[in-house]
Amino acid sequence: MTRRSRHPALKSADNGRLTADVVIVGAGSAGCVLAEKLSRESGRDVVLLERGPGRWPGPEDRDLRRLPIGDRAPYAVRHATDLDGLTAARGCAVGGSSVVNGGYFLRWHQDDFADWPEGWGLEAIDAAYSELDGSDGTMGVSPVSDDELGDAGTAFERYWSSREVTRPLGVRWPVIGVNRVLGNRSGMLRRTAAEAYLEPALRRPNLRVVADCEVRRLEVSDGRRVTGVATDRFAVSAGEVILAAGTLGTARLLLGSDLEVLGGAGFLEAGEHRGLVVSYRRTDPAEPGMVLPTVLHTVDGLEIRCYRDDFAVYIEGVPPSGTMVEVTAMRRSPVKLVADRGRVRLEFGEPSPEATASMRAGADRVVEMLRSPDFAGIVVPGSVSVAAVPGFSQHAWGTMPMGVWTDALGAVYGTEGLRIVDGSILPTGGHSGPHATIMMMAVHIASRI
Ligand SMILES: Cc1cc2nc3c(=O)[nH]c(=O)nc-3n(C[C@H](O)[C@H](O)[C@H](O)COP(=O)(O)OP(=O)(O)OC[C@H]3O[C@@H](n4cnc5c(N)ncnc54)[C@H](O)[C@@H]3O)c2cc1C
């Protein structure tokens, strides 16, 4: 028999075979949106499968003053990388990575959508974002307040606002300039995709949510027709399979499948955001608060992130290394996703010379900022240092971009019965982090299929 979920509303499944109209793999940021919207039609039988535990993350897990991705974190998994000492974490929970992420929920810039396929006009994009981040939006989005900025955030905004444009707090579209972070939250708790979308739909008889259930492979006939999925416990036959397992989880399933269209590929290429850390020692401990309260977006495609504190404060098991300002190249840096037992391994190689030069130039500007009078009294003199090697942002996206591998609604070209709706299908990068945009994409697609 199956392990029973501890959440009363998550249904268990009998061993054997289930049938459904649609099976969604992964109850993450996108998967929760899809499950809610697709099960609104009472005649459509929807099964949602999640490898993470059936219990819902409690307040201690959703505290925005922590990043719960340490070694013993209950709702995260780690993927190996070729960067010394660095792993890629992902949420493994009902709610996916929205359970463990930084809670920064910024839209991309309007011009980031210029090359998206037909059907993705700005009006439709704005409507889908507004469902999430509007004043009564589903994700409870609100800006970090002046009181919550902390001394470093206040100094950061003071320094840049005399040099760059500042986005007014009530405006949702970001600008080239200072962007106070918008958080998906209630108070200091993350508001997850599961609370916003899944919870209200759980009692629908045509939606079955099965947690503690890892999908092992796609069931494929003739190399092109996807008929269902096999899990560690049972199989599901479905008219349509929707992969929403996140860029890394979906890549793992695609690489292990017999899909002709992939031609036996040994790896998939994704985009990442490489970042160079400038760190410093603080004169006094920082006030606890949101990990990332404010950022600067530059014309040359950098996001300069003013973290509140040392990551050692947020992530269990991380050794102290100083308070961070990260200079992140938001243009796509390639990373290969290679099958690695049950997960994928991320192989970065060197960032491009252009990305390296632009991060180095940004780091010089940050060093100048940290030595300015605005930071006097916050930074211990002589403590500023720039990392030798860039890290990355836990954002891998775009293995199966819309318009190239999939159509504008995520249906995979050259296959039947297979759609992808998660970070994998982002066709371009953006100026901001991906969370709001992946959920926006799911809202838009789920309303049209
Ligand atoms: C630590 C961290 C911090 C971040 N901070 C931010 C931030 O502050 N702002 C921002 O914009 N972005 C941030 N991100 C990125 C953002 O959270 C993700 O890009 C986004 O949540 C991805 O959504 P998704 O639906 O594609 O995948 P996910 O939300 O990761 O969902 C995938 C789900 O599928 C499940 N799954 C995977 N494989 C299987 C399988 N085989 N069978 C069954 N289930 C499976 C997983 O357990 C997971 O629940 C962060 C990411 C991390 C990891």
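Keep in mind the model is a prediction, meaning the values are calculated, not measured.

### Focus on the overall build of the chain
Across its full length, the chain holds 8 helices and 20 strands. The C-alpha atoms of the chain give 21 Å as radius of gyration, which agrees with the globular expectation for 449 residues (22 Å, within 12%). Counting only C-alpha atoms, the chain reaches 65 × 45 × 45 Å along its principal axes. Across the 449 residues of the chain, 60% fall into the buried class. Just so you have it, the chain exposes about 17,400 Å², and 50% of that area is on carbon and sulfur atoms.

### Some words on the site of the ligand
Around the ligand there are 36 residues in total, and S29, E50, R51, S97 and H435 lie nearest to it. Taking G102, its main chain carries an N or O atom lying 3.1 Å from a nitrogen atom of the ligand. For the ligand, the protein covers 94% of the area, taking 1,000 Å² as the surface of the free molecule. Put simply, the parts of the chain that give the shell around the ligand at least two residues each are helix 1 (29–38), strand 4 (87–91), helix 5 (246–255) and helix 8 (435–446).

### Quick word on the UniProt feature "domain: Glucose-methanol-choline oxidoreductase C-terminal" (unreviewed entry) in the chain
Summarizing the sequence annotation, UniProt attributes the feature "domain: Glucose-methanol-choline oxidoreductase C-terminal" (unreviewed entry) to residues 393–442 in the numbering used throughout. Within the segment residues 393–442, helix and strand shares are 16% and 6% respectively, and the terminal C-alpha atoms sit 22 Å apart.

### Considering the nonpolar core
Ranked by internal contacts, the top residues of the largest apolar core, which has 114 residues, are I24, L49 and L198. Take this core: its biggest share by element is 9 residues, from helix 8. Each residue touching I24, except ones within four places of it in the same chain, is listed here: G31, L34, A35, L38, V46, V47, L48, L49, I242 and A244. Residues F156, V278, L302 and L370 belong to the second largest nonpolar core, which totals 27 residues.

### Here we look at the packing of aromatic side chains
The tally for this structure, following the rule as stated, stands at 12 aromatic pairs. Their ring planes at 70 degrees and their centres at 4.9 Å tell us that F113 and W116 sit as a pair that is edge-to-face. Residues Y307 and F311 carry aromatic rings whose centres are separated by 4.9 Å and whose planes lie at 85 degrees to one another, so their mutual orientation is edge-to-face. The exposure classification of Y307 matches that of F311, with both residues buried. Through a chain of ring-to-ring contacts, the aromatic side chains of W108, F113, W116, W120, Y129 and W173 assemble into a single cluster. Here the basic side chain of R163 rests over the ring of Y159, its NZ or CZ set 3.6 Å away from the ring centre.

### Observations concerning the sheet that holds strand 8 (residues 189–190)
Reading across from one edge, 5-7-8 is the order of the 3 strands in this open sheet, with antiparallel pairing throughout. Edge strands, defined here as strands with exactly one partner in the open sheet, are strand 5 (141–143) and strand 8.

### Some details on the pattern of salt bridges
On inspection of all chains with the given rule, the structure shows 24 salt bridges. Note that R65 and D63 form a salt bridge whose closest N and O atoms lie 3.1 Å from each other. Taking the relative accessible area as the measure of exposure, R65 reaches 32% and is therefore partly exposed. Between R180 and D146 there is a salt bridge, with the nearest N and O atoms lying 2.9 Å from each other. Placement of R180 in strand 6 (residues 177–180) and of D146 in the loop between strand 5 and helix 3 (150–161) is noted, with a sequence separation of 34 residues between them. Judged by relative accessible area, which is 7%, R180 ranks as buried.

### Some words on the domain arrangement of the chain
Taken domain by domain, the chain consists of domain 1 (16–102 + 190–265 + 398–446) and domain 2 (144–188 + 269–392). With 37 residues of domain 1 in contact, the opposing surface of domain 2 contributes 40 residues. Buried area between domain 1 and domain 2, both sides added, is near 3,200 Å², and the carbon and sulfur share of it is 57%. When the buried surface of domain 1 facing domain 2 is broken down by residue, L64, R65 and H431 rank first, second and third, together holding 20% of it. Where domain 1 packs against domain 2, one counts 2 salt bridges. One salt bridge connects R72 with E316, and the closest N-O pair in it is separated by 2.2 Å. Elements represented by at least two residues in the side of domain 1 that touches domain 2 include exactly strand 3 (76–80), strand 4 and helix 5.

Rules and cut-offs
- Residues numbered from 1 in each chain as written.
- Predicted model: local features only at pLDDT ≥ 70, side-chain atom pairs only at ≥ 80, totals over all residues.
- Heavy atoms only, no water.
- Helix = DSSP H or I, 4+ residues; strand = E, 2+ residues; numbered from the N terminus.
- Rg over C-alpha atoms; globule rule 2.2 N^0.38 Å.
- Buried < 20%, exposed > 50% of the residue type's maximum accessible area, 1.4 Å probe, protein only.
- Areas by Shrake-Rupley, 256 points an atom, 1.4 Å probe, with all protein chains shown as cover.
- Near = heavy atom within 4 Å.
- Polar contact = N/O pair within 3.5 Å; in protein donor to acceptor, adjacent residues only side chain to side chain.
- UniProt positions renumbered as here; feature names shortened; annotations may be inferred.
- Core = buried A, V, L, I, M, F, W, Y, C linked by side-chain atoms within 4.5 Å.
- Contact = heavy atoms within 4.5 Å.
- Phe/Tyr/Trp six-rings, centres within 6.5 Å; stacked < 30°, edge-to-face > 60°.
- Lys NZ or Arg CZ within 6 Å of the ring centre and 35° of its normal.
- Pairing = 2+ DSSP bridges.
- Salt bridge = Lys/Arg side-chain N within 4 Å of Asp/Glu carboxyl O.
- Domains from an automatic or database assignment.
- Buried area = accessible area lost by both parts, 1.4 Å probe.

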